[in-house]
Amino acid sequence: MYQYDDIDKAIVQARVDEFRGQVARRLTGELTEDQFKPLRLQNGLYLQLHAYMLRVAIPYGTLSADQLRVLASIARDYDKGYGHVSTRQNMQFNWPALVNVPDILQRLCDAEMHAIQTSGNCIRNVTSDPFAGAAAGEVEDPRIWCEVIRQWSTFHPEFAFLPRKFKIAVTASDEDRAAIQVHDIGIQLRTNDAGEPGFRILVGGGLGRTPYIGHVVRDFLPRDQLLSYLEAILRVYNVHGRRDNLFKARIKILVNEMGEEAFTHAVEQEWEEIRKLGPSGSVDLPEAERARIAGFFREPDFAALDDTDFRADPDDAGYARWLSRNVSAHKRPGYAIVTVSLKPEGEAPGDITADQMDALADLADRYSFSDVRTTHEQNMVLPHVRQADLPALYAALSETGLGSANAGLVSDIIACPGLDYCNLANTRSIPVANRIQKRFSDPVRQAEVGELKIKISGCINACGHHHVGHIGILGVDKKGEEFYQVTLGGRADAEAAIGEIVGRGLATDQVVDAVEKLVDTYLSLRTGPEERFIDAYKRLGAEPFKEALYETA
Amino acid sequence: MKLLELKDREWTLSDLDDGPGLLRVDNGQDLLESPPDLTGISVVRLDWPQFKLGQAFTQARLLRQRYGFEGQIRAGGAIFRDQAWHAARCGVTAFEIEDGAEDGWLESLHAYPYHYQRAVTGEAAWALRHGGSA
Ligand code: SF4
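Note that the structure is a prediction, hence the values are computed from the model and not measured. (Residues numbered from 1 in each chain as written. Chains lettered and ligands numbered in written order. Predicted model: local features only at pLDDT ≥ 70, side-chain atom pairs only at ≥ 80, totals over all residues. Heavy atoms only, no water.)

Student: Describe the overall build of chain B, with residues and values.
Tutor: Across its full length, chain B carries four helices and six strands. What you see in chain B, going N to C, is helices and strands ordered as β-β-β-β-α-β-α-β-α-α. The C-alpha atoms of chain B give 15 Å as radius of gyration, which agrees with the globular expectation for 134 residues (14 Å, within 12%). Here chain B holds 134 residues, and 51% of them are scored as buried. (Helix = DSSP H or I, 4+ residues; strand = E, 2+ residues; numbered from the N terminus. Rg over C-alpha atoms; globule rule 2.2 N^0.38 Å. Buried < 20%, exposed > 50% of the residue type's maximum accessible area, 1.4 Å probe, protein only.)

Next up, the structure:
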């Protein structure tokens, strides 16, 4: 993974020192809360319902085992003993005291981490495929370009005060595990007909109040021109993006108000202008720097192994389920990718305790080249595990409560913090997730239902990505009463789609029954176990599901 | 109000005066579309009606890099000291500040020793890493 040099260290240290000064100005009253707010927001510090929340950046979801131990120490020393993996692959701490935040940032800085640009109207932490460098079919490791973008976007002087937050995701294969079509900018590494590497660039996707799938503004951009092209997009947005209405300020609205063609034209024109600055004024990264950064993402020292028949005859039913749900194919023979579920029944989705972090860090050291990932689905990943080590790894994970065999199943729910933490929430999210988990508690039944992605947001801001849930659940407030709106058929993979609203909102006590009805309808109509919920929905449309939901409701 | 101004690479404090040759550019003015008329202009004043209206960062950069303006670019309005280094990197060379606030502004202007990207001023980290030759 990337390692800081003296320049990186000095920049992150400067941010810690600056923020220490800003906190001191706040505590002495030199700064009012209003003046302090934009400063703390540039450092990932939110004021929530009960306390401050600190969002630590995990750039493109990649952590070393030692960094995970540092996060564990922060959870232990400054929080209530746990952290929370967010849908942007970051880690949130819900209970830090303001006076301690500079010390937390210092501890992060010493481990080459930070909380820079995890909030505010700036370019946020760039996200990527949690299987990067491990899955087959990649043009190259997408994290090379994530790191390039991390550096370029960090304290970008022109784009630190955009109309609204700005999210970029990068993937390097046709199988999209980074949801690039629902990002402000989605970047897919690909090769052109001549076999040269470059990028497909999508702009204007996003969830929230008005969900959109991104438009392709460039089908192929040569690899060495990425940053100038990104500057052109950001500049057009900074100049033309709306600032009069918070809800119309994202770039997706600009793209749709200008029209895809006019927007693309404006970007291309601006890009030509930027290119006129010539090599001496170019913002693009020189090849030597690309090569330096790429050097940090070389493959680990894989052993020459043969694939084993590891899925055959596992002696334990729980282990068998875990193998079928949480273990994915690796590009190297003899290795596997392991998804570590942070969705045990009854816990807040994405929560992980300090002890679990330490245990997972040890397992990463022992079994996965000290490499750990966070995922936008609020789980974690050990990307490079020998197939022969799977039984021992499963046993160790189970011992520490991380052995849930439910990746991608009905209980692997994405849920935003909702009314338990968030001051914008209409409804609770976590308890709804827990009640659904409880209803589908039987692992055999879950396995029978198969892949089903349920995503829950406590308000229209859609932090729980409900628009792209196979079943999406959105909390709405009607005259002071909590209601839940159900959407169906959303997905964030290569066939990204926004879910359809199926009918009137449901009362809190109807939600779990509704999910069960949808599942039963699917089970009765599917052509067989190989037809997943989302495939059946695609074939059948919303009608049979609507009928099931509302006929007796 | 005072003016904190970059003169011979040093930030120096002087009295604020709106002499002739000053052009006020509105925060919403689209400089991508067309440049302002800069004939006879020695100072362009950019405005931050609210700190978060960040179009002026782009305006400064366009004035310097696209329209070749070499006079003073002055920042005024609700811009605060913690934003000043961004503005300076985009080409701003003078700030309208409250009386007595200069120490804080100077501290903020000098808070960061390095920068990742190429802008108007301040060498990019990648250029330093590879011997200054890009
Ligand atoms: S979706 Fe709404 S309730 Fe949930 S975290 Fe986001 S803002 Fe808060």
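Student: Tell me about the nonpolar core, and please be specific about residues and values.
Tutor: Residues and elements named next belong to chain A. Among the nonpolar cores identified, the biggest contains 118 residues, and Leu71 and Ile201 are the most heavily contacted of them. Sort the elements by how many residues they give to this core and helix α6 (residues 226–240) lands first, with nine residues. Apart from the residues within four sequence positions on either side, Leu71 is in contact with Val56, Ile58, Leu63, Met91, Phe93, Leu108, Met113 and Met357. Judged by nonpolar contacts, the second largest core, of 32 residues, contains Ile473, Tyr522, Tyr537 and Tyr550. (Core = buried A, V, L, I, M, F, W, Y, C linked by side-chain atoms within 4.5 Å. Contact = heavy atoms within 4.5 Å.)

Student: I'd like a description of the side chain of Asn326(A), backed by residues and values.
Tutor: Residues and elements named next belong to chain A. Along the chain, the position of Asn326 falls in helix α11 (residues 317–326). What makes Asn326 buried here is its relative accessible area of 0%. Looking at Asn326, its side chain comes within polar contact range of the main-chain nitrogen of Ala407, at 3.3 Å. Excluding residues within four positions of it along the chain, Asn326 makes contact with Ile337, Val338, Thr339, Ser341, Ser404, Ala405, Asn406 and Ala407. (Polar contact = N/O pair within 3.5 Å; in protein donor to acceptor, adjacent residues only side chain to side chain.)

Student: If you had to explain the sheet that holds strand β10 (residues 215–222) of chain A to someone new, which residues and values would you point to?
Tutor: Residue and element names in this part refer to chain A. Taking strand neighbours across the sheet as the criterion, the five strands line up as β6-β7-β8-β9-β10 in an open arrangement whose pairing is mixed. Each having just a single partner strand, β6 (127–128) and β10 make up the two edges of the open sheet. With seven bridges connecting them, strand β8 (residues 185–191) and strand β9 (residues 197–203) associate as antiparallel partners. Bridge pairing in β9 places Ile187 opposite Ile201. In the packing of helix α5 (residues 142–153) onto the sheet, contacts are made with β6, β7 (168–171), β8 and β9, and the angle to β7 comes to roughly 155 degrees. (Pairing = 2+ DSSP bridges. Axes fitted to C-alpha atoms, helices over the stretch in contact; angles between N-to-C directions.)

Student: Explain unusual backbone geometry residue by residue, including any values.
Tutor: Residue and element names in this part refer to chain A. With a phi close to 45 degrees, Tyr60 is a non-glycine residue in the positive phi region. Its identity as a non-glycine residue notwithstanding, Phe369 has a phi of 55 degrees, on the positive side. Structurally, Phe369 can be placed in the loop between α12 (354–367) and β14 (371–374).

Student: Which residues make up the UniProt feature "domain: Nitrite/sulphite reductase 4Fe-4S" (unreviewed entry) in chain A, and what values do they have?
Tutor: Following the UniProt record, one finds the feature "domain: Nitrite/sulphite reductase 4Fe-4S" (unreviewed entry) at residues 119–273 and 411–550 of chain A. With 34% helix and 19% strand, residues 411–550 of chain A has its two end C-alpha atoms placed 24 Å apart. (UniProt positions renumbered as here; feature names shortened; annotations may be inferred.)

Student: Requested: an account of the site of the ligand, with residues and values cited.
Tutor: Every residue lining the ligand is accounted for by Cys416(A), Pro417(A), Gly418(A), Cys422(A), Leu424(A), Ala425(A), Gly458(A), Cys459(A), Asn461(A), Ala462(A) and Cys463(A). Tallied by class, residues from the shell around the ligand come to eight nonpolar, three polar and no charged. (Near = heavy atom within 4 Å. Nonpolar A, V, L, I, M, F, W, Y, C, P; charged D, E, K, R; others polar.)

Student: Give me the lowdown on the packing of aromatic side chains, citing residues and values where you can.
Tutor: Overall, the coordinates contain 26 aromatic pairs over all chains when judged by the stated rule. Seen from their ring centres, Phe155(A) and Trp85(B) are 5.4 Å apart, and the 70 degrees between their planes marks the pair as edge-to-face. Note that Phe155(A) is positioned in the loop between α5 and β7 and Trp85(B) in helix α2 (residues 84–89), a pairing that runs across two chains. The exposure classification of Phe155(A) matches that of Trp85(B), with both residues buried. Look at Trp85(B) and Tyr112(B): their rings are 4.0 Å apart centre to centre, the planes differ by 10 degrees, and that puts the pair in the stacked class. In this pair, Trp85(B) sits in helix α2 while Tyr112(B) sits in the loop between α3 (102–109) and α4 (125–129), placing the two residues 27 residues apart along the sequence. Comparing Trp85(B) with Tyr112(B) shows no difference in burial state: the two are buried. Over the face of the ring belonging to Phe483(A) we find Lys478(A), whose NZ or CZ atom lies 4.4 Å from the ring centre. (Phe/Tyr/Trp six-rings, centres within 6.5 Å; stacked < 30°, edge-to-face > 60°. Lys NZ or Arg CZ within 6 Å of the ring centre and 35° of its normal.)

Student: I'd like to hear about the packing of α5(A) against α6(A), residue by residue, with values.
Tutor: Residues and elements named next belong to chain A. Viewed as axis vectors pointing N to C, α5 and α6 meet at an angle of 50 degrees, and their least axial separation amounts to 11 Å. Relative to α6, the element α5 is oriented oblique. Relative to α6, the crossing made by α5 is right-handed. Mapping the contact onto sequence places Trp145, Val148, Ile149 and Trp152 in α5 and Leu226, Leu227, Leu230, Glu231 and Leu234 in α6. In terms of residue class, the contact of α5 with α6 is built from eight nonpolar, no polar and one charged. (Parallel < 35°, antiparallel > 145°, perpendicular 65-115°, else oblique. Left-handed = near helix turned anticlockwise from the far one by under 90°.)

Student: A description of the sheet that holds strand β1 (residues 2–7) of chain B should follow, citing residues and the corresponding values.
Tutor: All names here are of chain B. Spatial ordering of the open sheet is given by β2-β1-β6-β5-β4-β3, a layout of six strands whose pairing is mixed. Looking along the sheet, the strands with just one partner apiece sit at the ends: β2 (10–15) and β3 (22–25). Neighbour to neighbour, the strand axes of the sheet diverge by 25 degrees on average, direction disregarded.

Student: Mind laying out the domain arrangement of chain A, listing which residues take part and the relevant values?
Tutor: All names here are of chain A. Examined at the domain level, chain A breaks down into domain 1 (6–110), domain 2 (134–296), domain 3 (317–399) and domain 4 (414–552). Measuring from the centre of the C-alpha atoms in domain 2 to the corresponding centre in domain 4 gives 31 Å. Counting residues at the interface gives 11 residues for domain 2, matched by 13 residues for domain 4. Summing both sides of the interface, domain 2 and domain 4 together bury roughly 960 Å²; the carbon and sulfur share of this comes to 68%. (Domains from an automatic or database assignment. Buried area = accessible area lost by both parts, 1.4 Å probe.)

Student: Could you give an account of the layout of surface pockets, naming the residues involved and the relevant values?
Tutor: Residue and element names in this part refer to chain A. Roughly 860 Å³ of volume is contained in the second largest pocket. As for the second largest pocket, its lining consists of 36 residues, of which Phe131, Glu175, Arg177, Glu377 and Lys453 are closest to the centre. Sorting the residues of the lining of the second largest pocket by element identifies α11, β11 (327–329) and β12 (335–340) as the ones contributing at least two each. Per-class residue counts for the lining of the second largest pocket are 13 nonpolar, 10 polar and 13 charged. (1 Å grid on protein atoms, 1.4 Å probe; cavity = no way out; pocket = protein on both sides within 12 Å on 5 of 7 lines; lining within 4 Å. Points joined across faces, edges and corners; volume = space filled by probe spheres on them.)

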